[in-house]
Amino acid sequence: MIDLHTHTFLSDGALVPAEHIRRAEVHGYRILGISDHADLATMAWLIEAVRIAAEAENRLGRLLVVPGVELTHVRPCQYAQAVKQARALGAALVIAHGESIAEPVEAGTNRAAIEAGVDILAHPGLISLEDAKLASARGTRLEISAKAGHSLTNGHVARLAAQTGAKLMFGSDAHNPDQMPTRPYAERVCLGAGLSPEAVQEMFESAEAFARKLLRI
């Protein structure tokens, strides 16, 4: 299993990073992203903690952990600053909390996040065709989400990705072990969004190559 969108109790998840990592390993994960919610005020200490946890685990050569951050409810006008700051602080992966229909994310967040160079636009909701085209051009991956509420627009996201050539990325948005999916379940979520079995396989292969590139291995 490859899943780069998960949360520990450093933000609003349930577990300390060490147990979160162990639970993911038991669930069959090979590559795990820890991308806790953060904003301009909290990212410094949070990214440092996630980075330390990832480095400690990666030295063991078992489960690969990608240290990341999910910029959450950051104002569109502050996105460029936030992304630049997150990368300078050591986040290997920068995810944007997109315009999910399940939360009052400010309009314009999707566009601002893509323009700022985020790696993944999580649960982008009813993303516009123009923003999907921009994501394709900039290399920002659009998420197919397993999270209740966020997942309601997966079909829309998948259709626009197919239309524009934007790359897709599965994300569980897991906040506790019960939300960590097996690979077969994750594949069913993607099939339910309208992807073909071949497209799902290609997406996960691309995700692994992407994660290893982020870790420089």
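The structure presented is a predicted model; accordingly, all values stated were derived computationally and were not measured.

Chemist: I'm lost on the pattern of salt bridges in this one. Help?
Modeler: One pass over the full model with this rule turns up 12 salt bridges. Residue R111 pairs with D131 through a salt bridge whose shortest N-O separation is 2.5 Å. With a gap of 20 residues between them, R111 in helix α4 (residues 109-116) and D131 in helix α5 (residues 129-138) connect regions that are remote in the sequence. Overall, R111 belongs to the partly exposed group, its relative accessible area being 31%. Overall, the relative accessible area of 9% leaves D131 in the buried class.

Chemist: Which parts of the structure should I look at to understand the nonpolar core?
Modeler: Nonpolar side chains in soluble globular proteins tend to be buried together. Ranked by internal contacts, the top residues of the largest apolar core, which has 68 residues, are L4, V69, L71, Y79 and L142. Looking at this core element by element, the count peaks at 8 residues for helix α8 (residues 197-215). L71 has contacts with A38, M43, Y79, A82, V83, V94, I95, A96 and H97, leaving out every residue within four places of it along the chain.

Chemist: Is there a simple way to think about the pairing of strand β4 (residues 93-97) in this case?
Modeler: Two faces belong to every sheet, and in a regular strand the side chains alternate between them. The element β4 is largely enclosed, with a buried count of 5 among its 5 residues. Relative to β4, strand β3 (residues 64-71) runs parallel, the two sharing 4 bridges. Note on β4: the bridge partner recorded for E70 is I95. Taken together, β3, helix α3 (residues 79-88) and β4 form a β-α-β motif whose crossover is right-handed. One ladder, built from 3 bridges, connects β4 with strand β5 (residues 120-122); its direction is parallel. Looking at β5, one finds that H97 is bridged to A122. Once the chain exits β4 it traverses α4 before rejoining the sheet at β5, and the crossover so formed is right-handed.

Chemist: Even after reading the chapter, I still don't get the sheet that holds strand β2 (residues 31-38), so can you show me in this structure?
Modeler: In sheet architecture, strand pairing relies on hydrogen bonds along the backbone and comes in two forms, parallel and antiparallel. Ordered by their spatial adjacency, 7 strands build an open sheet running β1-β2-β3-β4-β5-β6-β7, and the pairing between neighbours is parallel. Each of the sheet's edge strands pairs with one partner strand only, and the pair in question is β1 (2-6) and β7 (168-171). Neighbour to neighbour, the strand axes of the sheet diverge by 30° on average, direction disregarded. As paired strands, β5 and strand β6 (residues 141-145) are joined by 2 bridges and run parallel to one another. In the strand pairing of β6, I120 is matched with R141. Against the sheet, helix α6 (residues 154-164) makes contact with β6 and β7, and its axis sits at roughly 150° relative to β6, the strand it touches most.

Reading guide: rules and limits
- Note that residues are indexed from 1 along each chain, following the sequence as it is written.
- Only residues with pLDDT of at least 70 get local features here, since the model is predicted, and only at 80 or more are side-chain atom pairs given and counted; chain-wide, interface and lining totals rely on the full set of residues.
- With hydrogens and water excluded, all non-hydrogen atoms of the structure serve as input to the side-chain values.
- We define a salt bridge as a side-chain nitrogen of Lys or Arg found within 4 Å of a carboxyl oxygen belonging to Asp or Glu.
- For the purposes of this entry, the term helix denotes a DSSP run of H or I that reaches at least four residues, the term strand denotes a run of E that reaches at least two, and both are numbered from the N terminus.
- Categorising residues by exposure relies on relative accessible area from a 1.4 Å probe, with only protein chains included: less than 20% of the type maximum marks a residue as buried, more than 50% marks it as exposed, and the intermediate range marks it as partly exposed.
- Nonpolar cores are built from buried Ala, Val, Leu, Ile, Met, Phe, Trp, Tyr and Cys residues. Side-chain atoms within 4.5 Å join them into one set.
- By definition, residues are in contact when any of their heavy atoms lie within 4.5 Å.
- If DSSP finds at least two bridges between two strands, the strands pair.
- The definition of a right-handed crossover adopted here requires that, viewed with the strands pointing away, the path from the first strand over the helix to the second runs clockwise.
- The axes used here are C-alpha line fits, helices contributing only the stretch in contact, and every angle between their N-to-C directions lies in the interval 0 to 180 degrees.

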